[in-house]
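# Coordinates in review
Chain by chain, the residues:
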Amino acid sequence: MKIIGTGSALPSLRVTNHDLEGFLDTSDEWITERTGIKERRLLSTETLYDLAEEAAKKALQSAGIGPEQLDFIICSNVANRFITPGMNCILQGSIGATCAGLDINVACAGFVNAMMLADSMMQAGRASHILIVCAEEPTKYCNWDERDTSILFGDGAAAVVLGPGNGFKAVQMSMISNKDVLYYERCMEKTPFEKNRVEGQPLVMKGRELFRVAVSQSAKDIKIVLEKAGIQPSDVTYYLMHQANKRIIEGIRAILNEPEEKFPTNIENYGNTSSASIPILLDEMLHANRIHAGDTLLMSAFGAGFVSAACVLQWE
Ligand code: UT7
């Protein structure tokens, strides 16, 4: 399996840290220093489905294939307006594809997990062209009266088209069940029978605990996946990390003792876009002509669960 096309789409509304100072007890200085974020994009006039469609169409165009050539669609999403049907079903119609698909929710680690699924399907001979779309609107489940999570997130979508090849070298997936560090509890409809009804609530996060486990578990995943791929940290051209906090990325970098220039970021412009963050970064780097044939890319992400995952790709 290899990536043969990429695309991304972001909302047009830019919201800076200074904009947030107007209604939250926070400051540009605090957000920049503690997270690296300067601004983020927020859905205002567009829908998440507009972004997903735009990213998918761009990825198909860059792959040079039509939607009818797709054998499968995998969508990664934590939460959106439609609980059913799945995002993959709605997207299939809007891009003009005819194949089946499924949605996954592995929080911010969704892209790496989708890559693992796609590779397994290709190795089993079940598909030769797969579309992955990561589309996320985390700003719609934060509490905007509080500063603890609303400053961190941004909305966005990105897609990749996968085709036959030998670029996917190794993957590591990890999970330590710990719901309490990060969760969003949605309110369901009332029934006349349910006892002890639980009302929903916006995203709850234990930031410091999540920070610590994110650094240690991601570093562990990376060491394991490097070993599986049979390479050293220095063999990696770029580490494409989940863009959750610049200090988390720096913590992982310090453990690996690798140079800063190998850890590209765009968190300053988009905040944390959940599972879309790595494919948005990948798409931007390709457009900037920063990735070339033969380069080794390591992707690593973590999120609510607690889940984490890493994979190694050789760019073909
Ligand atoms: O995809 C996964 C999603 N989530 C994450 O990856 C989050 C991981 N955690 C983090 O990124 C960091 O823990 C945060 C950015 C959330 C917080 O940074 P921190 O350095 O861990 O800050 P803290 O929570 O320890 O708070 C330090 C201080 C506190 O004040 P005192 O008690 O020292 O007076 C907070 O009340 O900063 C205060 N504070 C803020 N001040 C201004 C907390 N949030 C803010 C804020 N603006 N937004």
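Note that the structure is a prediction, hence the values are computed from the model and not measured.

### Some points on the nonpolar core
Met-115, Ile-130, Ile-132, Leu-162, Leu-240, Leu-282 and Met-299 are the most contacted members of the largest nonpolar core, which has 42 residues in total. Sequence-distant contacts of Ile-132, defined by excluding residues within four places in its chain, comprise Ile-74, Phe-111, Ala-114, Met-115, Ala-118, Ala-158, Ala-159, Val-160 and Leu-162. Residues Ala-170, Val-215, Phe-302 and Val-312 belong to the second largest nonpolar core, which totals 37 residues.

### Some thoughts on the side chain of Thr-6
Among the secondary structure elements, Thr-6 is positioned in strand S1 (residues 2-9). In this structure Thr-6 comes out as buried when scored by relative accessible area, which is 8%. Within the structure, Thr-6 has its side chain in polar contact with the side chain of Asp-283 (distance 2.6 Å). Thr-6 has contacts with Lys-58, Ala-59, Ser-62, Ala-159, Val-160, Leu-282, Asp-283 and Leu-286, leaving out every residue within four places of it along the chain.

### Some details on the site of the ligand
With respect to spatial proximity, 20 residues lie near the ligand, and among them Thr-26, Arg-147, Arg-208, Asn-245 and Arg-247 are the closest. Trp-30 is positioned such that a nitrogen or oxygen atom in its side chain is 3.1 Å from an oxygen atom of the ligand. Gly-207 places a main-chain nitrogen or oxygen 3.0 Å from a nitrogen atom of the ligand. When the ligand is considered free in solution it has 940 Å² of accessible area, and contact with the protein chains removes 74% of it. Breaking the shell around the ligand down by element, the ones donating at least two residues are helix H2 (28-35), helix H6 (207-229) and helix H7 (246-256). Of the residues forming the shell around the ligand, the biggest block, four residues, is contributed by H6. Counted by class, the shell around the ligand contains nine nonpolar, six polar and five charged residues. Both domains that meet at the shell around the ligand, namely domain 1 (2-166) and domain 2 (170-314), each give it at least three residues.

### Some words on the sheet that holds S1
The strand order across the open sheet built from five strands is S1-S7-S6-S4-S5, with neighbouring strands paired in mixed fashion. The strands lining the two open edges of the sheet, one partner per strand, are S1 and strand S5 (100-104). This sheet shows a mean twist of 15° between the axes of neighbouring strands, independent of strand direction. Direction of pairing for strand S4 (residues 72-76) relative to S5: parallel, over a ladder of five bridges.

### Points about unusual backbone geometry
The bulk of non-glycine residues show a negative phi, and the bulk of peptide bonds are trans. In this chain, Thr-84 is followed by Pro-85 through a cis amide linkage whose omega measures 0°. Residue position: Pro-85 is located in the loop between S4 and helix H4 (87-95). Between Gly-305 and Phe-306 the backbone carries a cis peptide bond, its omega angle lying at 5°. Residues other than glycine seldom take positive phi values, yet Ala-107 does so here, at roughly 50°. Classification of Ala-107 as buried rests on a relative accessible area of 9%. Not every positive phi belongs to a glycine, and Asn-289 is a case in point at roughly 60°. Structurally, the position occupied by Asn-289 is in the loop between helix H9 (277-287) and strand S12 (296-303).

### Quick word on H4
Among the residues making up H4, those that are buried are Met-87, Asn-88, Leu-91 and Ile-95. Angularly, the buried residues of H4 cover 90° about the axis, an arc narrow enough to put them on a single face. Close packing links the buried residues of H4 with helix H3 (48-63), S4, S5 and strand S6 (130-136). Remark: Gly-96 follows H4 within two positions and exhibits a positive phi of approximately 80°.

### Some details on the pattern of salt bridges
Counted under the stated rule, the structure contains 12 salt bridges. Residue Lys-57 is joined to Glu-53 by a salt bridge in which the shortest nitrogen-to-oxygen separation is 2.7 Å. Of this pair, Lys-57 and Glu-53 both sit in helix H3, separated by four residues, roughly a single helical turn. Glu-53 gets classed as partly exposed once you look at its relative accessible area, which sits at 23%.

Thresholds applied
- Residues numbered from 1 in each chain as written.
- Predicted model: local features only at pLDDT ≥ 70, side-chain atom pairs only at ≥ 80, totals over all residues.
- Heavy atoms only, no water.
- Core = buried A, V, L, I, M, F, W, Y, C linked by side-chain atoms within 4.5 Å.
- Buried < 20%, exposed > 50% of the residue type's maximum accessible area, 1.4 Å probe, protein only.
- Contact = heavy atoms within 4.5 Å.
- Helix = DSSP H or I, 4+ residues; strand = E, 2+ residues; numbered from the N terminus.
- Polar contact = N/O pair within 3.5 Å; in protein donor to acceptor, adjacent residues only side chain to side chain.
- Near = heavy atom within 4 Å.
- Areas by Shrake-Rupley, 256 points an atom, 1.4 Å probe, with all protein chains shown as cover.
- Nonpolar A, V, L, I, M, F, W, Y, C, P; charged D, E, K, R; others polar.
- Domains from an automatic or database assignment.
- Pairing = 2+ DSSP bridges.
- Axes fitted to C-alpha atoms, helices over the stretch in contact; angles between N-to-C directions.
- Arc of directions from axis to C-beta.
- Salt bridge = Lys/Arg side-chain N within 4 Å of Asp/Glu carboxyl O.

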